[in-house]
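# A closer look at the structure
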Amino acid sequence: MKVLVIGGGAREHALCRALSLDPDVTALHCAPGNAGIAEVAELHAVDALDGAAVADLAASLGVGLVVVGPEAPLVAGVADAVRERGIPAFGPSAEAAQLEGSKAFAKDVMAAAGVPTARAYVCTTPAEIDEALDAFGAPYVVKDDGLAAGKGVVVTEDVEAARAHALACGRVVIEEFLDGPEVSLFAITDGETVIPLQPAQDFKRAHDGDEGPNTGGMGAYSPLPWADPELVDEVVTTICQPTVDELRRRGTPFSGLLYAGLAITSRGVRVIEFNARFGDPETQVVLARLKTPLAAVLLAAATGRLEAEPPLRWSDGAAVTVVVASHNYPDTPRTGDPITGLDAVAEQDGPKAYVLHAGTKRDGASGEVVSAGGRVLSITATGSDLAKARERAYRAVGRIGLEGSHHRSDIAAKAAADAAS
């Protein structure tokens, strides 16, 4: 099978890495990719938001599957354009991707499907914003209704900060605060059958101790030794399957990756948000533990044959990812800084620890790999348990040089300590 992956972040590098290890994949392409993906796939220049251009590229390459990684191309209808050319695409239609593209739409779907989530108001005027903030009280949870690259949510005790964010968003969802730990659960679906992956936990705040501003994610780990063993089955039964069934009932079947962001509250599991694609950085740790070859599963979802797939196989060990971010991230990041230590990780830590590239490119003049975004690298490691995976990940992080960069030092620390006690 020839496969084309659309995107250029660490999520796409993780997907490309998994696909490159699949014996059924005879040719792997990525557009636009990055400096790290270039080591496992042939790169192509394309506007990832241009469905016709992506479909033309897929046809010219003769691929049998297109995997659309990021949310923006999905909401823009790229998967639709590929399917219209008769090429299987892993990723929902533009209509179904509104589950992520509009939080108000997601709330409406959840209400119709009976999916447990936070109470919320959709606001478009200053008066509605003030009324909603007053109704819920602190801590205030304010979400931009549209796509915001993982940074459209503000959770704060400061009502003025909450109001300012709400006013800057235009259409906004204000909802009750959900207590308890957060969990990410991915499910692959063809619009009817739902196959869950292993749960993960990510870290949204920029700094140790969950301090600082929200980011796209600064690290993740899997499995979750503290979670109820029945959690995955419960989430599929009460959240994922009802959502997929409701979207099919509406005539907008969801095929692709359904990402449920969950809070394990004192009143039970509640949905914080849905995404319409693999999450970053959770994908890095989930795919690190997946033993089943990936391509056939994604193709089965894209072609409506998921029910016939055998159960997924997983490693018994653990995986940890630590994100190395550029200077000033999540505000305007500094780019163009040389990255050192990549070869040292490969030589001294591989294959148990490896680097997945996110915001990188190869400098045309010097040939060096340089930073090209906010989240620059995802250093991912596996081990027999979280403590071992964490040790390997941070040892590899220590070999990386990127001026002005920062990373969290507490990814998976509490879970590893709790599992060891």
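Residues numbered from 1 in each chain as written. Predicted model: local features only at pLDDT ≥ 70, side-chain atom pairs only at ≥ 80, totals over all residues. Heavy atoms only, no water.

The protein chain has the name Phosphoribosylamine--glycine ligase in an unreviewed UniProt entry, where Streptomyces melanosporofaciens is given as its organism. Among the UniProt annotations of the protein chain, the heading Pathway (unreviewed entry) holds the following wording: "Purine metabolism; IMP biosynthesis via de novo pathway; N(1)-(5-phospho-D-ribosyl)glycinamide from 5-phospho-alpha-D-ribose 1-diphosphate: step 2/2." The protein chain has a UniProt comment under Sequence similarities (unreviewed entry) that states "Belongs to the GARS family." (UniProt positions renumbered as here; feature names shortened; annotations may be inferred.)

### Some words on the environment of Gln 198
Along the chain, Gln 198 falls in the loop between strand E11 (194-196) and strand E12 (201-202). Residues Gln 198 and Pro 223, 25 residues apart in the sequence, show an inter-C-alpha distance of 6.9 Å. Filtering out sequence-adjacent residues up to four positions away, Gln 198 remains in contact with Leu 185, Ser 222, Val 286, Arg 289 and Trp 314. (Helix = DSSP H or I, 4+ residues; strand = E, 2+ residues; numbered from the N terminus. Contact = heavy atoms within 4.5 Å.)

### Quick word on empty space enclosed by the protein
In this approach a probe as big as a water molecule rolls over the atoms, and the regions it shows empty are the leftover space. For the coordinates displayed, the defined rule picks out one cavity of 30 Å³ or more. Reported here for the largest cavity is a volume of approximately 30 Å³. Lining the largest cavity, in full, are Val 68, Gly 69, Phe 90, Gly 91, Pro 92, Leu 257, Ala 276, Arg 277 and Phe 278. For the lining of the largest cavity, the per-class residue count stands at six nonpolar, two polar and one charged. (1 Å grid on protein atoms, 1.4 Å probe; cavity = no way out; pocket = protein on both sides within 12 Å on 5 of 7 lines; lining within 4 Å. Points joined across faces, edges and corners; volume = space filled by probe spheres on them. Nonpolar A, V, L, I, M, F, W, Y, C, P; charged D, E, K, R; others polar.)

### Remarks on the sheet that holds strand E4 (residues 65-68)
The sheet built from five strands is open, its strands ordered E3-E2-E1-E4-E5 with parallel pairing. This sheet does not close on itself; its edge strands, each paired only once, are strand E3 (42-43) and strand E5 (89-90). Along the sheet, helix H1 (residues 10-20) makes contact with strand E1 (2-7), strand E2 (27-32) and E4, crossing E1 at roughly 170°. The sheet contacts of helix H2 (residues 51-61) involve E1, E2 and E4, and relative to E1 the element is tilted by about 155°. (Pairing = 2+ DSSP bridges. Axes fitted to C-alpha atoms, helices over the stretch in contact; angles between N-to-C directions.)

### Description of the domain arrangement of the protein chain
Here the domain parsing of the protein chain yields domain 1 (2-91), domain 2 (121-175), domain 3 (181-308) and domain 4 (318-419). Between domain 1 and domain 2, the C-alpha centre-to-centre distance is 35 Å. (Domains from an automatic or database assignment.)

### A few points about the packing of helix H7 (residues 126-136) against helix H8 (residues 159-169)
Helix packing geometry: the angle between the two helix axes and the distance between the axes. It is the contact of H7 with H8, at a shortest axis distance of 10 Å, that shows an interaxial angle of 145°. Our pair here, H7 against H8, has a crossing hand that is right-handed. On H8, the residues that touch Pro 126, Ile 129, Asp 130 and Leu 133 of H7 are Val 159, Ala 162, Arg 163, Ala 166 and Leu 167. (Left-handed = near helix turned anticlockwise from the far one by under 90°.)

### A closer look at the side chain of Thr 156
Among the structural elements, Thr 156 can be located in strand E8 (residues 153-156). Assessed through its relative accessible area of 15%, Thr 156 is described here as buried. Here the side chain of Thr 156 touches Asp 158 through a polar contact of 2.9 Å, landing on its backbone nitrogen. Ignoring anything within four residues of it in the chain, the contact list for Thr 156 reads Pro 139, Tyr 140, Ala 161 and Ala 162. (Buried < 20%, exposed > 50% of the residue type's maximum accessible area, 1.4 Å probe, protein only. Polar contact = N/O pair within 3.5 Å; in protein donor to acceptor, adjacent residues only side chain to side chain.)

### A short note on the side chain of Asp 202
For Asp 202, the location among the structural elements is in strand E12. You can call Asp 202 buried: its relative accessible area is 11%. Polar side-chain contacts of Asp 202 include one of 3.2 Å to the side chain of Lys 204. In contact with Asp 202, not counting residues within four places along its chain, are Ser 184, Gly 217, Gly 219, Ala 220, Pro 281 and Glu 282.

### Quick look at a negative patch on the surface
A contiguous patch of negative charge on the surface is contributed by Asp 228, Glu 230, Asp 233 and Glu 234. Its location among the elements puts Asp 233 in helix H9 (residues 231-249). (Patch = residues over 30% accessible without salt bridge, like charges linked within 9 Å, V, L, I, M, F, W, Y side chains within 5 Å. Areas by Shrake-Rupley, 256 points an atom, 1.4 Å probe, with all protein chains shown as cover. Salt bridge = Lys/Arg side-chain N within 4 Å of Asp/Glu carboxyl O. Lys, Arg positive; Asp, Glu negative; His and termini not counted. Charge placed at Lys NZ, Arg CZ, Asp CG, Glu CD.)

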